[in-house]
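# Chain and residue survey
Residues per chain are reported as follows:
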Amino acid sequence: MNDPPWRQTSRACTPGVPAWGTTRARTLREFSTVPMDSVSPEWAWGGADGSGVRVCVVDSGVEGGHPLVGTVDRSVTAVQNDDGGVDMEPCAPTDRAGHGTACAGVIRSVAPQVSVSSVQVLTDGKTGSGPALIAGLSWAIDQDFDVINLSLATTRPDLAAQLHELVDRAYFRRCTLVVSAHNRPVPSYPWSFSSVVSVASHDEDDPMTYYYNPSPPVEFHARGVRVPVAWPGGGTIRSTGNSFAAPHISGLCALILGKHPWLTPFQLKTVLFLCAGNMTGRLGGAHDKA
């Protein structure tokens, strides 16, 4: 499959111009845009259901067929190979602990028509190896998913450089990576990198209510306290954690991309910022919910 024009352009060398440079003829090309004052929840996702958007949940697996999850289009798991490395191999859509199913159910509740895929990287359902996380996230990025939900973090500083390289690669491949902040105030990755959409919790009940955080590194707050979530076996539980805030934002990203597929990750993040529940002032007051 040929690369899309935007990826071809990013790699091309222009005669007479240093690498990564451009010419006046190229910079004068017109790009369609939308005045920021017109960006609202209605513009961003009004009438959208996530159709045509591919979302990948990198987690403990996703139980396919769960009433709140539905079909899982692709499912792979991390398997150690004979050389001591990790391969990603196809597997049945199952969940070792429930965490990934919970996240997938939240995404589906916000964007019911998205395509959901699963990358299983947690070896016992709650913890996983560094190589499994790196291999699984790398696989998801290389498959060019529109949105990747990563409701987990590592405190291992030896993985920081590899994760930083991966999330930057996702950003430049136009793959939006939504990552939950750690539930404890400890240094952890990759949510703290600026090329991802980082999410922590608020305690309100409305799944469509989220807020911009003006005090980085967390950028957004979404519902994450006593959230009703899908659980293996066809049931539901209520659970609390930043893990369940992130998929609310992943679902919103899917709605927005379903309606505006041309958005790059930084444009998408700007739309999220402009549509946040606490955006007031220049845009004429807080937005009504779509």
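Our subject in this report is the structure included herewith. Sequence order sets the numbering: in each chain, residues are counted from 1 along the sequence as written. Given that this is a predicted model, residues contribute local features only at a pLDDT of at least 70 and side-chain atom pairs are listed and counted only at 80 or more, while totals for whole chains, interfaces and linings are drawn from all residues. Side-chain measures here rest on the full set of heavy atoms in the structure, leaving out hydrogens and waters.

## Notes on the overall build of the protein
Along the protein, the regular secondary structure elements total eight helices and eleven strands. Expressed as a percentage of the 290 residues in the protein, the buried residues total 48%. Two residues form a contact once any of their heavy atoms are found within 4.5 Å. Residue pairs at least 24 apart in sequence account for 68% of intrachain contacts in the protein once pairs closer than 6 positions are excluded. Element-wise, carbon and sulfur atoms account for 53% of the exposed surface of the protein, whose accessible area totals about 13800 Å². Secondary structure counts use DSSP, requiring at least four H or I residues in a row for a helix and at least two E residues in a row for a strand, with both numbered from the N terminus. A 1.4 Å probe rolled over the protein chains alone gives each residue an accessible area, and that area as a share of the maximum for its type sets the label: buried under 20%, exposed over 50%, partly exposed in between. What sets the accessible areas is the Shrake-Rupley method with a 1.4 Å probe; for residues, cover comes only from the shown protein chains.

## Overview of a negative patch on the surface
Without a salt bridge and with relative accessible area above 30%, a residue can belong to a patch; like charges are then joined within 9 Å and nonpolar side chains (Val, Leu, Ile, Met, Phe, Trp, Tyr) within 5 Å. Here, a salt bridge means any side-chain nitrogen of Lys or Arg that lies within 4 Å of a carboxyl oxygen of Asp or Glu. The charge count treats Lys and Arg as positive and Asp and Glu as negative. His and the chain ends do not count. Charge positions come from single atoms, namely NZ of Lys, CZ of Arg, CG of Asp or CD of Glu. There is a patch of like negative charges on the surface, built from D82, D83, D87 and E89. The class for D82 is exposed, based on a relative accessible area of 84%.

## Some words on helix α5 (residues 130-142)
Here a helix's expected span is defined as the number of its residues, less one, multiplied by 1.5 Å. For α5, with 13 residues, the first-to-last C-alpha span of 18 Å sits near the 18 Å given by 1.5 Å per residue. In terms of burial, α5 is largely enclosed, as eleven of its 13 residues are buried. Residues of α5 that are buried include every one of G130, A132, L133, I134, A135, G136, L137, S138, W139, A140 and I141, and no others. Polar contact is defined as a pair of N or O atoms within 3.5 Å, subject to the rule that within protein one atom must be able to donate a hydrogen and the other to accept it, and that residues adjacent in sequence are counted only when both atoms are side-chain atoms. Regarding α5, its N-cap is S129, as a side-chain oxygen of that residue lies 3.1 Å from the backbone nitrogen of A132 further along.

## Structural notes on the sheet that holds strand β4 (residues 115-120)
One requirement defines pairing of two strands: DSSP has to find at least two bridges between them. Pairing within the open sheet is mixed, and its nine strands lie in the order β3-β2-β4-β1-β5-β6-β7-β9-β8. For this open sheet the edge positions go to β3 (86-90) and β8 (211-212), each flanked by a neighbour on one side alone. Note: strand β5 (residues 147-150) against strand β6 (residues 176-180), four bridges, orientation parallel. Within the sheet, the bridge partner assigned to L150 lies in β6 and is V179.

## Quick word on empty space enclosed by the protein
A 1.4 Å probe that fits into a set of points on a 1 Å grid over the protein atoms alone but cannot get out defines a cavity; an open set with protein on both sides within 12 Å along at least five of seven lines defines a pocket, and lining residues are those with an atom within 4 Å of a point. Grid points are joined across faces, edges and corners, and a volume is the space filled by probe spheres set on the points. Inspection of every chain in the model, using the stated rule, returns one cavity of 30 Å³ or more. Considering only enclosed or pocket space, the largest cavity measures out at about 50 Å³ in volume. Looking at the lining of the largest cavity, the elements that each hand over two or more residues are β6 and α8 (265-275). Of the residues forming the lining of the largest cavity, the biggest block, three residues, is contributed by α8. Its residues assigned to classes, the lining of the largest cavity comprises six nonpolar, two polar and one charged. For this classification, the nonpolar set comprises Ala, Val, Leu, Ile, Met, Phe, Trp, Tyr, Cys and Pro, the charged set comprises Asp, Glu, Lys and Arg, and every other residue, Gly included, is treated as polar.

## Focus: the pattern of salt bridges
Enumeration over the complete set of coordinates arrives at five salt bridges. For D158, the salt bridge identified is with R156, shortest N-O distance 2.7 Å. Of the charged contacts in the structure, one is a salt bridge between E219 and K269, with a shortest N-O distance of 2.9 Å. Taken as a pair, E219 in the loop between β8 and β9 (220-223) and K269 in helix α8 lie far apart in primary sequence, 50 residues in all. Across the pair, K269 and E219 agree in class, each one buried.

## Description of the pairing of strand β11 (residues 235-239)
Relative to β11, strand β10 (residues 227-231) runs antiparallel, the two being bridged by five bridges. Residue pairing in the sheet places P228 in a bridge with R238 of β11. Here β10 folds back onto β11, and the loop between the two strands holds three residues, one of which, G233, carries a positive phi near 95 degrees.

## A closer look at helix α7 (residues 242-259)
In this model, α7 (18 residues) spans 27 Å end to end at C-alpha, consistent with the 26 Å of a helix rising 1.5 Å per residue. Among the 18 residues of α7, 16 are classified as buried, and the element is accordingly described as predominantly covered.

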